[in-house]
Amino acid sequence: MIVKAPGQALTRSEILRWLLETDADRLEELWGAADEVRRATVGDEVHLRGLIEISNHCRRRCGYCGLQAGNSRLTRYRMSAEEVLAYARLARNLGYGTVVLQSGEDPGLTERWVTNLVRHIKEETGLAVTLSLGERNPQELAAWREAGADRYLLKFETSDPELFRHIHPPLPGENSDPFQKRLGLLGTLGDLGYEVGSGIMVGIPGQTFLSVARDLELFRELDLDMIGIGPFIPHPQTELGANWANPSGTPAPPASGPRAANRPLSASDQVPNDELTTCKVVALARLVCPEANIPSTTALATIDPAGGRAHGLQRGANVVMPDLTPLQYRALYEIYPGKGLSTASPEAEQARLLALIASMGRRPGLGAGERIRRVSCAAG
Ligand code: SAH
């Protein structure tokens, strides 16, 4: 039985066993357990967070992301404070409880500019404000928290320090280990009183099942308030995407060498970047961190437009982040191909999501949808 009494944590070998499971009937058990824990802890509400992608400028050269500084094919934009404020008002008018401001790691979004923007949004709309602006220094993070920002999203992407360094090279002059720096920032965010969100990509070339089991253990250790999990989607203007052998969406070559078709999966195999594996990680994240807010991500909906969003919500997720980015910028926020292609109006997108939520017997969340503490995440 997977649902355990509080205090009985899933062990690493149990997590691994589920990650390696391929039997559809057994997996039904995992989906059922995740859905049950979701219902018992965060309930039937699905929180809608209005996402505004405020700038695609970036100083980093991440091996996975289309916004990386070396991508000279991308037209860069930065929204004005007035524009962002107008779309935050739209989020409020649509009845969303939270606005998420996301960007590349853009020094042009100065401490002062973001501080003023957060203050204005809080004063005018009263919405919860989530920031996702990359690695910024503790002084900036403190100023934005002071101005009223409630939450911060910074995925650790993988808990394998070597793989992380490879996909997220340090900036010139950055001497600390990139993974330690990221963990340190997650600690700083918690100390500052932010609700802290992190997460991973599933199927990064070189990522093994064992490594993903460790990612899940790290979610639990960090006692995360929010956990974002999406499939890695190769982008041609990046190092990982350019080296991607098979851009059709099938798995990258196994990390441990070729696998015979009939050999069972093993801990050292390459994790596929597919819908099924992503759903396993979402479901396991719900089991290890029962109280966390977990989105059914846009990346999951991108690799499976017909079923991805619903599967995420039925297998542990309780949040959706509709894109409110103005259409003239949306296609330019191309962290991976296929994102930002929807030209639906915010109202139409909302209607579509509300219909989906109702069809699953769930209801839209009211209020800010912050993390509610019932039992400690560490007990899950
Ligand atoms: N610059 C900020 C926020 C923007 S990127 C940051 O790095 O935190 C937000 C998330 O998009 C990243 O954390 C990553 O998990 C995801 N992402 C980027 N490129 C991706 C790709 N090629 N495939 C799947 N997800 C990707």
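All values derive from a computational prediction rather than experimental measurement.

Draft legend 1. Local environment of the overall build of the protein chain. A count of helices and strands for the protein chain gives 14 helices and eight strands. Expected size for 380 residues packed as a compact globule is a radius of gyration near 21 Å; at 20 Å, the protein chain falls within 12% of this value. Overall size of the protein chain, expressed as C-alpha extent along the three principal axes, is 55 × 45 × 40 Å. A total of 380 residues make up the protein chain; the buried ones form 55% of that total. Accessible area of the protein chain: about 15,200 Å², with a carbon and sulfur share of 53%. Here the protein chain contributes 41 positive and 45 negative side-chain charges, whose respective centroids are spaced 1 Å apart.

Draft legend 2. Inspection of the packing of helix α4 (residues 111-125) against helix α5 (residues 138-146) at higher detail. Where α4 contacts α5, the axes come no closer than 9 Å and their chain directions differ by 20°. What the angle tells us is that α4 and α5 run roughly parallel. Here α4 and α5 pass one another in a crossing that is right-handed. Where α4 approaches α5, its residues E111, V114, T115 and V118 are matched on the opposing element by Q139, E140, A143 and W144. When its residues are assigned to classes, the contact of α4 with α5 shows four nonpolar, two polar and two charged.

Draft legend 3. Structural view of the environment of E29. Within the fold, E29 resides in helix α2 (residues 24-41). Separated by 255 residues in the primary sequence, E29 and L284 have C-alpha atoms spaced 12 Å apart.

Draft legend 4. The arrangement of the site of the ligand in detail. Lining the immediate environment of the ligand, one finds 17 residues, of which Y64, S103, E157, P231 and I233 sit closest. Within the side chain of E157, a nitrogen or oxygen atom sits 2.5 Å from an oxygen atom of the ligand. When the ligand sits alone it has 540 Å² of accessible area, and the protein chains cover 92% of it. More than half of the atoms belonging to the ligand lie within 2 Å of the grid points that define the largest cavity. Looking at the shell around the ligand residue by residue, the classes come out as ten nonpolar, five polar and two charged.

Draft legend 5. Seen up close, empty space enclosed by the protein. Within this structure, the stated rule accounts for two cavities of 30 Å³ or more. In this structure, the largest cavity occupies an estimated 1,000 Å³ of space. Lining the largest cavity we find 49 residues, and of these Q102, S132, K155, E157 and I335 sit closest to its centre. Elements represented by at least two residues in the lining of the largest cavity include exactly β1 (45-55), β2 (98-103), β3 (128-132), β4 (151-153), β5 (195-202), β6 (226-231) and α11 (298-303). Looking at the lining of the largest cavity, its residues break down into 21 nonpolar, 17 polar and eleven charged. Taken as a whole, the second largest cavity holds about 40 Å³ of empty space. Along the walls of the second largest cavity sit R60, E135, H168, P170, E174, S176, P178 and K181, which together make up its complete lining. Residues of the lining of the second largest cavity, tallied by class, amount to two nonpolar, two polar and four charged.

Draft legend 6. Expanded view of the pattern of salt bridges. Using the criterion set out here, one finds 28 salt bridges in the structure. Its salt-bridge partner being D44, residue R38 comes within 2.9 Å of it at the nearest N-O pair. Using a relative accessible area of 3% as the deciding quantity, one classes R38 as buried. When the shortest N-O distance is used, the salt bridge between E174 and K181 registers 2.6 Å. For E174, a relative accessible area of 18% gives the class buried. By relative accessible area, which is 27% here, K181 ends up partly exposed. Taken together, the shared-partner salt bridges connect R59, R60, E105, E135, E157, E174, K181 and R182 into one network.

Draft legend 7. Focus on the layout of surface pockets. What the largest pocket holds in volume is close to 500 Å³. As for the largest pocket, its lining consists of 25 residues, of which T298, A301, R309, E349 and R352 are closest to the centre. Within the residue set of the lining of the largest pocket, elements represented by two or more residues are β1, α11, α12 (308-314) and α14 (346-359). Of the residues in the lining of the largest pocket, the class split is eleven nonpolar, seven polar and seven charged.

Draft legend 8. Layout of unusual backbone geometry. Positive phi is not limited to glycine here, since E157 has a value of about 65°. Structurally, the position occupied by E157 is in the loop between β4 and α6 (161-167). For D223, which is not glycine, the phi dihedral falls at a positive 50°. Inspection of the secondary structure assignment puts D223 in the loop between α8 (209-222) and β6. Taking the relative accessible area as the measure of exposure, D223 reaches 22% and is therefore partly exposed.

Rules of the game
- Residues numbered from 1 in each chain as written.
- Predicted model: local features only at pLDDT ≥ 70, side-chain atom pairs only at ≥ 80, totals over all residues.
- Heavy atoms only, no water.
- Helix = DSSP H or I, 4+ residues; strand = E, 2+ residues; numbered from the N terminus.
- Rg over C-alpha atoms; globule rule 2.2 N^0.38 Å.
- Buried < 20%, exposed > 50% of the residue type's maximum accessible area, 1.4 Å probe, protein only.
- Areas by Shrake-Rupley, 256 points an atom, 1.4 Å probe, with all protein chains shown as cover.
- Lys, Arg positive; Asp, Glu negative; His and termini not counted.
- Charge placed at Lys NZ, Arg CZ, Asp CG, Glu CD.
- Axes fitted to C-alpha atoms, helices over the stretch in contact; angles between N-to-C directions.
- Parallel < 35°, antiparallel > 145°, perpendicular 65-115°, else oblique.
- Left-handed = near helix turned anticlockwise from the far one by under 90°.
- Contact = heavy atoms within 4.5 Å.
- Nonpolar A, V, L, I, M, F, W, Y, C, P; charged D, E, K, R; others polar.
- Near = heavy atom within 4 Å.
- Polar contact = N/O pair within 3.5 Å; in protein donor to acceptor, adjacent residues only side chain to side chain.
- 1 Å grid on protein atoms, 1.4 Å probe; cavity = no way out; pocket = protein on both sides within 12 Å on 5 of 7 lines; lining within 4 Å.
- Sits in = over half its atoms within 2 Å of the grid points.
- Points joined across faces, edges and corners; volume = space filled by probe spheres on them.
- Salt bridge = Lys/Arg side-chain N within 4 Å of Asp/Glu carboxyl O.

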